[in-house]
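# Structure at a glance
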Amino acid sequence: QVQLVESGGGSVQAGGSLRLSCAASGRTASDYPMGWFRQAAGKEREFVGGISRFGGSTIYADSVKGRFTISRDNAKKTVYLQMNSLKPEDTAVYYCAADRLPAGVKKDASDYEYWGQGTQVTVSS
């Protein structure tokens, strides 16, 4: 079992930055590739980005590429999402998730087995 807890959400003006954290407990943190997803009000959950088990590989949605950066510190069992140049359309609840398999970085939410409770990010114009 893996438990995930996100933190770092809040309200920021457009152009600002936030860093989200996802702390894992339970199984060894490096057992799983990790992903970040978000869900805006009235919309489906969408992939934001993912990182491989040891951080050597990352992928991002086109909408955040160049603005968001995912990193991880397996010693601290924590994954981070650094969000810069935030836009009002980035407003959503952000979730971290742990993949069910140890290999690859995936974009499909169905590939992720463990989910955090989410943290709200609000960007005002």
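Below is a summary of the structure that appears in this document. (Residues numbered from 1 in each chain as written. Predicted model: local features only at pLDDT ≥ 70, side-chain atom pairs only at ≥ 80, totals over all residues. Heavy atoms only, no water.)

### Some words on the packing of aromatic side chains
For the structure on display, the rule yields six aromatic pairs. Ring geometry for Phe37 and Phe47: centres 5.5 Å apart, planes at 75°, overall edge-to-face. Of the two residues, Phe37 is situated in strand β4 (residues 34-39) and Phe47 in strand β5 (residues 46-51); the sequence distance between them amounts to 10 residues. Measuring from ring centre to ring centre gives 5.0 Å for Phe37 and Trp115, while their planes differ by 55°; the resulting arrangement is tilted. Here the residue Phe37 occupies a position in strand β4, and Trp115 occupies one in strand β10 (residues 112-115), the gap between them amounting to 78 residues. Following the ring pairs from residue to residue traces out a cluster consisting of Phe37, Phe47, Tyr95, Tyr112 and Trp115. Sitting above the plane of the Tyr95 ring, Arg45 keeps its charged end 4.0 Å from the centroid. Across from the ring centre of Trp115, 4.7 Å away, lies the NZ or CZ of Arg45, which sits over that ring. (Phe/Tyr/Trp six-rings, centres within 6.5 Å; stacked < 30°, edge-to-face > 60°. Helix = DSSP H or I, 4+ residues; strand = E, 2+ residues; numbered from the N terminus. Lys NZ or Arg CZ within 6 Å of the ring centre and 35° of its normal.)

### With respect to the pairing of strand β8 (residues 78-83)
Most of β8 sits inside the fold, with five of its six residues counted as buried. Summarising the sheet, strand β3 (residues 18-26) and β8 pair through six bridges and their orientation is antiparallel. Its bridge partner being in β8, Leu20 is matched across the sheet by Leu81. (Buried < 20%, exposed > 50% of the residue type's maximum accessible area, 1.4 Å probe, protein only. Pairing = 2+ DSSP bridges.)

### What about the pairing of strand β11 (residues 119-124)?
Taking every second residue as pointing to the same face, the buried face of β11 carries Thr119, Val121 and Val123, while none of Gln120, Thr122 and Ser124 on the other face is buried. Strand direction decides the pairing type here: strand β2 (residues 10-13) and β11, joined by four bridges, are parallel. In the strand pairing of β11, Val12 is matched with Val123. Pairing geometry for strand β9 (residues 92-99) and β11, over three bridges, is antiparallel. Directly across from Ala92, in β11, lies its bridge partner Val121.

### Observations concerning the sheet that holds β8
Strand order in the open sheet made by the four strands is β1-β3-β8-β7, with antiparallel pairing throughout. Whereas interior strands pair on both sides, the edge strands pair on one side only; in this sheet they are β1 (2-7) and β7 (68-73). Strand after strand, the sheet turns through a mean of 15° between neighbouring axes, direction not considered. (Axes fitted to C-alpha atoms, helices over the stretch in contact; angles between N-to-C directions.)

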